[in-house]
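Examination of the molecular architecture
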Amino acid sequence: MSMMRRRGLAYAKALSMVTLSDAAAMTNDFVEIRDAVARLCTDFPGHYWRERDRARAYPTEFVEALSAAGYLAVLIPEEYGGAGLGIRAAAAVLEEIHRSGCNGAACHAQMYTMGTLLKHGSEAQKREYLPRIAAGNLRLQAFGVTEPASGTDTSRIRTAAVRHGDVYRVNGQKVFISRTEHSDLMLLLVRTTPRNDVTKPTDGLSVLLVDLIEAVGNGLTIKPLATMMNHATTELFFDDLEVPVANLVGAEGKGFSYILDSMNAERILIASECVGDARWFIAKAAAYANERQVFGRPIGQNQGVQFPIARAHVQTEAAALMAATAAQLFDAGETCGAEANMAKLLASEASAFAADVCIQTHGGYGFAEEYDIERKFRETRLYQVAPVSTNLILSYVGTHVLGMPKSF
Ligand SMILES: Cc1cc2nc3c(=O)[nH]c(=O)nc-3n(C[C@H](O)[C@H](O)[C@H](O)COP(=O)(O)OP(=O)(O)OC[C@H]3O[C@@H](n4cnc5c(N)ncnc54)[C@H](O)[C@@H]3O)c2cc1C
């Protein structure tokens, strides 16, 4: 990372202390980072994303530009070559990417998988991987949890790792695992003790760091899985894949608690992307509502057009506040499961609503590819399902926050 970039990020770190208590200011904090990210995004205008979307191609140039500028390493401590900032800075980066009309889905996983390695990885693992990730020479973009048979019930995953001397042999299958074809490393959740042999169903799960370059063709097969948006998602098939025991992250059997940390980070960061999307849709809709003349007046003069856009704004700013609160708690090392989940639910609903309103405001033009609205509409719709669907968040709030009985 360049000296200037490092100084800019260090300044942002100092600034973060000043604004810590001001929740409203936090929804637009890290102004320097936001401005710089927005400038970088101008090199990747709508036609860049449209072409990749049509070809279902990975936005390599965009990811390389973000890596070179150090933005994907904001969470890596300075001693390992990163910026040493918190989740709020990472959220500002991702929100600004989405607010600029770009899509962080090609690379956001590096930010939330990082937490597992940082908090639970050994010093040797951190020294081996983090400096190269910070320098942009190694990509940790894949997070393998979901399986066809287990669905949202992670405790029922069947992909198993059995220890043979210095290696684990992994067998099983994963589905919807994104970016595996564009990543060097994957954090993989496996079962190391059968579910029937543990007291708590979530015990006996472990996290392995898989070297994807070595694994493909040696026990791992990757099959692309086309989805409604360009998301580089795949199915994975494990057939006696050997993973060194040295690649176990933390203690065997404790993997579920490790990925919970990552999941809170993931929820906060996805919420920030949704806030960015929503702000993009709202700005676009308001501008068009002011400019488009029908029946001799701007369509935005009609309250039937104006009010939904105003409502989208209200919902988005409320979601931004919840996301900022969750991020503040996360950075302070406090419990933030409820806030991270609520932020993700509010923001994903706000962005989906804003997307719908933006299409409606544009009439037929909302469906024309060149306006980018239909593409971003498809992209933002994902976040009510993945990662973690709205119902599962409501279940979490109903049972963990409000103390009602669990349905499963
Ligand atoms: C584009 C894309 C990218 C993805 N990338 C990744 C990735 O990189 N890594 C990864 O591990 N996973 C990834 N996923 C998987 C994603 O996290 C899951 O699809 C999501 O968590 C939902 O799981 P499922 O599809 O198995 O749905 P299911 O668990 O089968 O649920 C189906 C529906 O039923 C509802 N439901 C289930 N149980 C209950 C209940 N008890 N009460 C109320 N409602 C319930 C759910 O809310 C959902 O709406 C991705 C998915 C997509 C589509």
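In what follows, the structure referred to is the one given above.
A brief structural summary.

About the cut-offs
- Residues numbered from 1 in each chain as written.
- Predicted model: local features only at pLDDT ≥ 70, side-chain atom pairs only at ≥ 80, totals over all residues.
- Heavy atoms only, no water.
- Salt bridge = Lys/Arg side-chain N within 4 Å of Asp/Glu carboxyl O.
- Helix = DSSP H or I, 4+ residues; strand = E, 2+ residues; numbered from the N terminus.
- Buried < 20%, exposed > 50% of the residue type's maximum accessible area, 1.4 Å probe, protein only.
- Core = buried A, V, L, I, M, F, W, Y, C linked by side-chain atoms within 4.5 Å.
- Contact = heavy atoms within 4.5 Å.
- Pairing = 2+ DSSP bridges.
- Phe/Tyr/Trp six-rings, centres within 6.5 Å; stacked < 30°, edge-to-face > 60°.
- Lys NZ or Arg CZ within 6 Å of the ring centre and 35° of its normal.
- Near = heavy atom within 4 Å.
- Polar contact = N/O pair within 3.5 Å; in protein donor to acceptor, adjacent residues only side chain to side chain.
- Areas by Shrake-Rupley, 256 points an atom, 1.4 Å probe, with all protein chains shown as cover.
- Nonpolar A, V, L, I, M, F, W, Y, C, P; charged D, E, K, R; others polar.

Here we look at the pattern of salt bridges
Pairs can form between side chains of opposite charge whenever their charged atoms are close. Evaluation of the coordinates by the stated rule reveals 25 salt bridges. Arg 34 is the partner of Glu 95 in a salt bridge, and the nearest nitrogen-oxygen pair spans 3.2 Å. Of this pair, Glu 95 sits in helix α6 (residues 87-99) while Arg 34 sits in helix α3 (residues 31-41), placing them 61 residues apart in sequence. Across the pair Arg 279 and Glu 95 runs a salt bridge whose closest N-O atoms are separated by 2.5 Å. Placement of Arg 279 in helix α10 (residues 255-291) and of Glu 95 in helix α6 is noted, with a sequence separation of 184 residues between them. Across this residue pair, the class does not change: Arg 279 and Glu 95 are buried. Ionic contacts of the salt-bridge type, sharing partners, join the residues Asp 29, Arg 34, Arg 88, Glu 95, Glu 96, Arg 99, Arg 279 and Glu 317 into one network.

Re the nonpolar core
Of all hydrophobic cores here, the largest spans 78 residues; its most connected members are Phe 62, Tyr 71, Ile 97 and Met 111. Not counting residues within four places of it along the chain, the set of residues in contact with Phe 62 comprises Leu 40, Cys 41, Phe 44, Tyr 48, Trp 49, Ile 97, Cys 102 and Asn 103. Judged by nonpolar contacts, the second largest core, of 20 residues, contains Ala 161, Val 170, Ala 215 and Val 245.

Observations concerning the side chain of Asp 53
Following the sequence through the fold, Asp 53 ends up in helix α4 (residues 46-55). We classify Asp 53 as buried; its relative accessible area is 8%. If we ignore the near neighbours within four places in the chain, the residues touching Asp 53 are Asn 230, Arg 375 and Arg 378.

What to know about the pairing of strand β1 (residues 140-144)
Where burial is concerned, most of β1 is hidden: five out of the five residues are buried. Taken together, the four bridges between β1 and strand β4 (residues 185-191) define a ladder with parallel strand orientation. What sits directly across from Ala 142, in β4, is Met 186.

Things to note about unusual backbone geometry
In this model, Ala 386 is joined to Pro 387 through a cis peptide bond whose omega is -15 degrees. Take Pro 387: it is sitting in the loop between α13 (373-381) and α14 (390-401). We note that Arg 56 has phi near 50 degrees; this positive angle belongs to a residue other than glycine. Take Arg 56: it is sitting in the loop between α4 and α5 (60-68). On the basis of relative accessibility, which here comes to 38%, the residue Arg 56 falls in the partly exposed class. Despite not being glycine, Phe 295 shows a phi value in the positive range, around 55 degrees. Within the secondary structure, Phe 295 sits in the loop between β9 (293-294) and β10 (297-298). By relative accessible area, Phe 295 is classed as exposed at 82%.

Remarks on the packing of aromatic side chains
Applying the stated criterion to the full structure yields seven aromatic pairs. Arranged with centres 5.2 Å apart and planes meeting at 75 degrees, the rings of Phe 44 and Phe 62 form a pair that is edge-to-face. With Phe 44 in the loop between α3 and α4 and Phe 62 in helix α5, this pair connects stretches of sequence that are 18 residues apart. Owing to a relative accessible area of 9%, Phe 44 belongs among the buried residues under this scheme. Plain terms: the ring middles of Tyr 112 and Phe 143 are 6.3 Å apart, the flat faces sit at 55 degrees to each other, and that makes the pair tilted. Placement of the pair is Tyr 112 in helix α7 (residues 109-120) and Phe 143 in strand β1, with a sequence separation of 31 residues. You can call Phe 143 buried: its relative accessible area is 12%. Aromatic ring contacts, followed pair by pair, group Phe 44, Tyr 48, Trp 49 and Phe 62 into a single cluster. Geometry around Trp 280 places Lys 376 over its ring, the cationic atom sitting 5.4 Å from the centre.

Here we look at the site of the ligand
In the neighbourhood of the ligand, 19 residues make up the surrounding shell, with Phe 143, Thr 146, Thr 152, Phe 176 and Ser 389 lying closest. Thr 152 is positioned such that a nitrogen or oxygen atom in its side chain is 2.3 Å from an oxygen atom of the ligand. The side chain of Ser 389 places a nitrogen or oxygen atom 2.5 Å from an oxygen atom of the ligand. For the ligand, the accessible surface in isolation is 970 Å², of which the surrounding protein chains cover 66%. Ranked by the residues each element gives to the shell around the ligand, the list is headed by strand β3 (residues 167-178), at three residues. Along the lines of polarity and charge, the residues of the shell around the ligand split into ten nonpolar, eight polar and one charged.

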